[in-house]
Amino acid sequence: MKRLCMLCAALTVALLSVAQPQAGYYTYGTLDGKNGRELELALHEIIYPHTRVSYGDLWASYVTTDTAPLDSVPDGCPKTDLVYDMYAWMQYFPKFYSDNDHSQTGGINREHSVPNSWWGGESGNAEAYTDLHHLVPADGAANNAKNNHPLGEKSENDGLTLSWPTQDKYHDGHLYVSKDHACSRVWKVPADMQDGFGDADKVWEPADIYKGDFARMYLYVVCAYEGKIHWQTNYMFTSDDENLTTIRPWALDLLLKWHRNDTVSQKELDRNNAVEGIQGNRNPFIDYPELVEFIWGDLSSEEFDLGRAKCSYGTSPELVNENKNDGIFVCQNGNSLIVNAEGKIQVIDVTGRVLIDEAVSKNSIDISLINKGVYIVRVVGKDVLTQKIVVK
């Protein structure tokens, strides 16, 4: 199998990466005073069309959009070229590729987070088929298990049963997908519960630290391709006579929940910048998360005001992971976590290993000794706050 570095060497066009939305990308005159469908269609005019990347060039594009830092390889795993994988056990995965290999020894696929069969694939819309904002590198076995199932999540004692993973996955003697600690799971839905999941018999649940990422990807696809694709599979979305999308109520509730609970991370910000450098458009729900509320959520009857909206990049990018919840406040500032809470703070890696577990006796927690990567921060005070951070 060819390594991504070989593909990168063959790439003849330099890829531009920007630091934040360029001046004039979003404008007051375009967005102010709008809400609901009107605001969504105004965003559509900003983000569509874009420069189309060929399907073959996606591997090389991942060099810019999804390469992970080498010094973050977990102990016991080979020190090799890595990409982020939001599907399998770890957030990092070795760069070996084969779209047609979904076996327990297979490698990375080019994965449509919104299944392309839902809109007819490349013949349904060629731009959506290669749109990097929702195409990510994914473990082949995990991708195959996800199939074209809708999103979903298991609640305690709700009757859903595990469909995948059912066995561990190894490569060159190293464990990469653990059936007990998988990053994502596929659940079987009992017949009497399927109407609550768009009549699907299975659902796919990503890890908590990536649920917001996927929610914003799905909402991006809805917005970017309004009037351009027709939904042929209606688990989550349906099309009206003008090819405008209606999000089914159960699906909208889930997407809003994930968007709110898993806030925008530095990884998302960096990837949004990188994708713009390649195809020239952005995911606005990463830049301005409040847009989701003004289109589909609690603020959909109020008018959007760009000048008062909070941009994820803002003037202090180091505070992008800021979150507040009933008296609990935590934000990332370089190599420190700024905490305002009484109780306990934990920093947990994606395998579930607790790296920091201490009482909050001061308002600054040192994270300088933690390897680069994606982590979960859990603060227990008067309430419980869980969010993700990226250590760079």
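Remember, it's a predicted structure, so these values are computed and weren't measured experimentally. (Residues numbered from 1 in each chain as written. Predicted model: local features only at pLDDT ≥ 70, side-chain atom pairs only at ≥ 80, totals over all residues. Heavy atoms only, no water.)

Is there a simple way to think about the overall build of the protein chain in this case?
Counting its regular elements, the protein chain contains 12 helices and 19 strands. In the protein chain, which comprises 392 residues, the proportion classed as buried is 56%. Counting contacts in the protein chain only where the partners sit at least 6 residues apart, residues at least 24 apart contribute 65% of the total. For the protein chain, the exposed area adds up to about 16,500 Å²; of that, 46% sits on carbon and sulfur atoms. (Helix = DSSP H or I, 4+ residues; strand = E, 2+ residues; numbered from the N terminus. Buried < 20%, exposed > 50% of the residue type's maximum accessible area, 1.4 Å probe, protein only. Contact = heavy atoms within 4.5 Å. Areas by Shrake-Rupley, 256 points an atom, 1.4 Å probe, with all protein chains shown as cover.)

So what exactly am I meant to see when it comes to unusual backbone geometry here?
Peptide bonds are trans in most cases, and residues, glycine excluded, mostly fall at negative phi. Tyrosine 48 connects to proline 49 through a cis peptide bond whose omega is 0°. Mapping proline 49 onto the fold places it in the loop between α3 (36-47) and α4 (58-65). Cis geometry is adopted by the peptide bond preceding proline 165, which originates at tryptophan 164 and carries an omega value of 0°. By the secondary structure assignment, proline 165 is in the loop between β5 (161-164) and β6 (169-171). The phi torsion at asparagine 147 lies on the positive side, around 55°, for a residue other than glycine. Residue position: asparagine 147 is located in the loop between α7 (140-146) and β5. The backbone phi angle of aspartate 199 is positive, close to 70°, even though this residue is not glycine.

Would you take a moment to explain helix α10 (residues 266-279) for this structure?
Because an α-helix completes one turn every 3.6 residues, residues spaced three or four positions apart along the sequence face the same direction. When the terminal C-alpha atoms of α10 are compared, their 20 Å separation across 14 residues agrees well with the 20 Å that a helix rising 1.5 Å per residue should span. Downstream of α10 by one or two residues, glycine 280 has phi in the positive range, about 85°. (Expected span 1.5 Å × (residues − 1).)

Quick question: what am I supposed to make of the sheet that holds strand β19 (residues 384-391) here?
As a general point, the strands of a sheet are linked pairwise by backbone hydrogen bonds and lie either parallel or antiparallel. The antiparallel open sheet is built from four strands, whose spatial order is β16-β15-β18-β19. Only two strands of the sheet have a single neighbouring strand rather than two, namely β16 (354-359) and β19. Ignoring strand direction, the axes of neighbouring strands in this sheet form an average angle of 15°. Two elements, strand β18 (residues 373-380) and β19, share eight bridges in a ladder whose sense is antiparallel. Bridging across to β19, tyrosine 375 finds its partner in isoleucine 389. (Pairing = 2+ DSSP bridges. Axes fitted to C-alpha atoms, helices over the stretch in contact; angles between N-to-C directions.)

Explain the sheet that holds strand β9 (residues 202-205) here, please?
Sheet architecture is open: three strands sit in the order β5-β8-β9, paired in antiparallel fashion. Pairing within the sheet leaves two strands with one partner each, and these edge strands are β5 and β9. Sheet twist, expressed as the mean angle between neighbouring strand axes with direction ignored, is 40°. As judged from the four bridges shared by strand β8 (residues 185-188) and β9, these two strands associate in the antiparallel manner. Within β9, the residue paired with lysine 188 across the bridge is lysine 202.

Which parts of the structure should I look at to understand the nonpolar core?
Soluble globular proteins tend to pack their nonpolar side chains together in the buried interior. Counting 79 residues, the largest nonpolar core has Met236 and Trp296 as its most contacted members. Excluding anything up to four places from it in sequence, tryptophan 296 contacts Glu40, Leu219, Val222, Ile247, Leu252, Leu256 and Phe285. (Core = buried A, V, L, I, M, F, W, Y, C linked by side-chain atoms within 4.5 Å.)

Help me understand the packing of α3 against helix α8 (residues 211-224), please; the structure alone is not making it clear to me.
Angle between the axes and distance between the axes: these two values describe a pair of packed helices. The interhelical angle for the contact between α3 and α8, taken along N-to-C directions, is 85°, at an axis separation of 8 Å. What the angle tells us is that α3 and α8 run roughly perpendicular. Counted together, Glu40, Leu43, His44 and Ile47 of α3 and Tyr220, Val222, Cys223 and Ala224 of α8 form the full contact between these two elements. Of the residues contributing to the contact of α3 with α8, the split by class is six nonpolar, one polar and one charged. (Parallel < 35°, antiparallel > 145°, perpendicular 65-115°, else oblique. Nonpolar A, V, L, I, M, F, W, Y, C, P; charged D, E, K, R; others polar.)

Where do I start with the pairing of strand β4 (residues 135-139) in this structure?
Two faces belong to every sheet, and in a regular strand the side chains alternate between them. In terms of burial, β4 is a largely internal element, five of the five residues being buried. Side chains Leu135, Pro137 and Asp139 of β4 all project onto a buried face; the interleaved residues Val136 and Ala138 project onto the opposite face, where all are buried too.

Would you explain the pattern of salt bridges in this entry?
Opposite charge on two side chains lets them pair, provided their charged atoms get close. Under the counting rule described, the total for this entry stands at 16 salt bridges. A salt bridge links glutamate 153 to lysine 211, with the shortest nitrogen-to-oxygen separation between them at 3.0 Å. You can see glutamate 153 sitting in the loop between α7 and β5 and its partner lysine 211 sitting in helix α8, a full 58 residues away along the chain. A relative accessible area of 14% places glutamate 153 in the buried class. In this structure, glutamate 153 and lysine 257 form a salt bridge, with 2.5 Å as the shortest nitrogen-oxygen distance. (Salt bridge = Lys/Arg side-chain N within 4 Å of Asp/Glu carboxyl O.)

So far we have only geometry, and geometry alone does not tell us how the molecule works.
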